[in-house]
Structure formats: structure tokens, C-alpha cells
Amino acid sequence: MSQPLTIGLDIGGTKMAFVVADRQGNICDEITLPTLVGDSHDVTFERIANQINVYLQQYEAIEGIGIGVPGPVDSENGIAINAVNMLWENVQVSDELSKRLIRPLPIYVENDVNVGAIGEQLFGVAQGVSNYIYLAIGTGLGGAVMINNQIMRGVSHSEMEIGHVSVDPIHGRECTCGLRGCVEMSISGKGFVANAKQHYADYPNTKMVEDNITTHEIIRLSDEGDELARFVTDEAGVVLGIACAWCTSIFNPSIIILGGGLIHASYHLLEDKLQETLKQRTLIQNYEAVTISLSKLTNAALGASALVWYYKQSKVKS
Ligand SMILES: [Zn+2]
């Protein structure tokens, strides 16, 4: 019973998921609470601390807390810089929480894509792997890079924004970032929908309904052979192949892990184009070294619980 435990917390725009888990990823306890976006920071952190304090009373073996938040994070100082869907700007997450806890514990705060990457090394497909890329493909597309067992950090906490590298700066669809032809305008939820809308008139036989185009519908119809839906998923496969080729050429990783709901639902439709494009666009020695793999971890809070182990390992090495 004295096996060390950690708390993982994934904070999103609609819910906050908590787990208590051990080093092997076994979950002892979990709960999900709604995120109440209109609440003040005081109220939000009181709610988070109340739940964590319940666990601290219940489990003496808890050694630390890992927290994943969206957007750029200054992980050294525990600051969420711009978590848009929670209306958080420069929020001192670790300070706000630590002053409310019933006993002092290390608190690690990390961008949710980095959490996905770290979680895969502790509990997923990257166990024992030191150099890999993690691409989170959902509404948008974000990335994380693990180099020699260290997450790569950018100077303004906004590294690996591969979703906003352009594949077609002249003719590509306009992105919310202001550029044209960004990767995520082809391979993400918003990219799927935008692509189907742009080419809707070119495919009069499509079964899609123009004012009700969703990613779910695109995937379902692509499975059925609908030509517009196929066009969208084929382009997504090619563009994801290009993005993977960039990653492979620049970082020479052993795995590129694809995580997120959209890619798990659509990978079977994208895989051939992705592999073909990756092979065409990558030096042979890099291509032969890399494997494309779907992520294994589906529980983001469990990924956050891995932050404590990741930081402990990093300290031992440095
Ligand atoms: Zn963009």
C-alpha cells in the first residue's frame, strides 16, 4: 500500500479530470468536474484544491501533482500563459494551487500536448524510447518533441507549432493564424470541414449536406466511398505525410506518435497516402528509422500524472 502515487489533472475548456495513479499507470481513483469558465481564478483554484485535498487526506503515498493545460505554458514557473478556452492569461497555476493545499507537494504544469508526449513515454507506445515526436490531431494540430528524453523547449513556450507551417502559402485555405495553407487547414477537425466546404460544388454527387458538414460525417462517408469525403481524407493523408516527412528530416526520430480523437477515428483512411508521401519526401536512412504509431493513452489526466515521474527522472540525470 505504500507504493508511491501521483495526482494527474487535465484542465480543459469544459471539464477538469483528476486521477490518482501509480508509477505503472494503474488508476486508484478518478473524478471529472465541470470547468466553469465564468468563475474567478479564486473560485476555480478553490474547487481544484478541494478535490486534491480530499485525495491527500485519503492517500498518504501521493508524492506530487502533474497538471496539463491548453496553450503555451511556462513550465519552469508553473504559469499558463494563454489558455484561450478558459480565458486564462498568465495564470500562476502552481502558486495558486500550492497555497491552498493541506500539505506541500511538488506541482508540475505543462502544455497538454507535451503531457500527451510524456504520458506515452511512461505508459504508452514510447516506453524505453528517447527520441520521438508527438502530434496531437483534434480541432487543430499541435506537436511535441522528445530529444534524448527531454521535451524540447522554445524561448517563448510555443515550440513545435507545426500546425501553422504552410504547405501552400499562395493558394491554400486561409487559417485563423492569418497564413494560407497551414498544415492544420488540411489535417484537423477544422481543416476537414473547411476543405469539404471549399470543394462542395465540385462533387455534385456527394451525400454531404452543405450546411451540416461535420468531421464525423466526412469520416463516415469516406468509409462509404463518397468522392468529396475521399478527397478530404486523401488530402489530409498527404499533408500529414508531408508534416511527418519534415519531422523525420529535422529530428530523425524513431517514432512519430499520432494522438487525438480525429486521427484515431480516421487513420485507416489516411494511412496509405501518409506512408506514400513520407517515403517520397524523406531521406532513406531517416525513413527506415521511423515508425508511425497511433497513441495508446486515452486518459489525459493519467498522462498528467506522469509529469511527476518525468520531472524526477530529469532531475536525476541533470
Ligand atoms: Zn495557421
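Refer to the preceding data block for the structure.
It should be emphasised that the depicted structure is a prediction, and the values quoted were computed from it without experimental measurement.

Conventions and cut-offs
Residues numbered from 1 in each chain as written. Predicted model: local features only at pLDDT ≥ 70, side-chain atom pairs only at ≥ 80, totals over all residues. Heavy atoms only, no water. Helix = DSSP H or I, 4+ residues; strand = E, 2+ residues; numbered from the N terminus. Rg over C-alpha atoms; globule rule 2.2 N^0.38 Å. Buried < 20%, exposed > 50% of the residue type's maximum accessible area, 1.4 Å probe, protein only. Contact = heavy atoms within 4.5 Å. Areas by Shrake-Rupley, 256 points an atom, 1.4 Å probe, with all protein chains shown as cover. Axes fitted to C-alpha atoms, helices over the stretch in contact; angles between N-to-C directions. Parallel < 35°, antiparallel > 145°, perpendicular 65-115°, else oblique. Left-handed = near helix turned anticlockwise from the far one by under 90°. Nonpolar A, V, L, I, M, F, W, Y, C, P; charged D, E, K, R; others polar. Expected span 1.5 Å × (residues − 1). Polar contact = N/O pair within 3.5 Å; in protein donor to acceptor, adjacent residues only side chain to side chain. Salt bridge = Lys/Arg side-chain N within 4 Å of Asp/Glu carboxyl O.

J.: Describe the overall build of the chain, with residues and values.
T.: Helix and strand content of the chain: nine helices and 13 strands. Against the 2.2 N^0.38 benchmark of 20 Å for 318 residues, the chain shows a C-alpha radius of gyration of 20 Å, consistent with a compact globule. Structurally, the chain occupies a C-alpha span of about 65 × 45 × 35 Å along its principal axes. The buried share of the chain, reckoned over its 318 residues, is 53%. Sequence-distant contacts, at least 24 apart, represent 62% of the contacts inside the chain between residues at least 6 apart. Surface accessibility of the chain: about 14,500 Å² in total, with carbon and sulfur atoms responsible for 50%.

J.: Can you explain the packing of helix α5 (residues 215–224) against helix α7 (residues 261–280)? Please cite residues and give values.
T.: Interaxial distance between α5 and α7 falls to 10 Å at its minimum, and their mutual angle equals 20 degrees. Between α5 and α7, the interaxial angle falls into the category roughly parallel. In the crossing of α5 with α7, the sense of the turn from one axis to the other is left-handed. When α5 is examined against α7, the residues T215, I219, S222 and D223 are found in contact with a partner set consisting of L262, A265, S266, H268 and L269. Taken together, the residues that form the contact of α5 with α7 break down as four nonpolar, four polar and one charged.

J.: Can you tell me about the side chain of S94, naming the residues and giving the values?
T.: Mapped onto the fold, S94 is located in helix α2 (residues 93–98). If sequence neighbours within four positions are ignored, S94 has contacts with N77, G78, I107 and V109.

J.: An account of helix α6 (residues 227–251) is needed here, citing residue identities and associated values.
T.: Its 25 residues place the ends of α6 36 Å apart at the C-alpha level, agreeing with the 36 Å of an ideal helix rising 1.5 Å per residue. The backbone nitrogen of L228 lies 3.2 Å from a side-chain oxygen of the residue at the head of α6, namely D226. N252 occupies a position one or two residues after α6 and carries a positive phi of about 50 degrees.

J.: Could you give me a rundown of the pattern of salt bridges, with the residues and numbers involved?
T.: Within this structure, the stated rule accounts for 12 salt bridges. With a shortest N-O distance of 3.0 Å, E224 and R220 are connected by a salt bridge. Here E224 pairs with R220, and both are found in helix α5, just four residues apart, close to one helical turn. The exposure class assigned to E224 is partly exposed, which follows from its relative accessible area of 46%. Residue classification places R220 among the partly exposed positions, given a relative accessible area of 37%. Here the salt bridges share partners, and the residues they tie into one network are D42, E46, E96, K99 and R100.

Shape descriptors only; they carry no functional weight alone.
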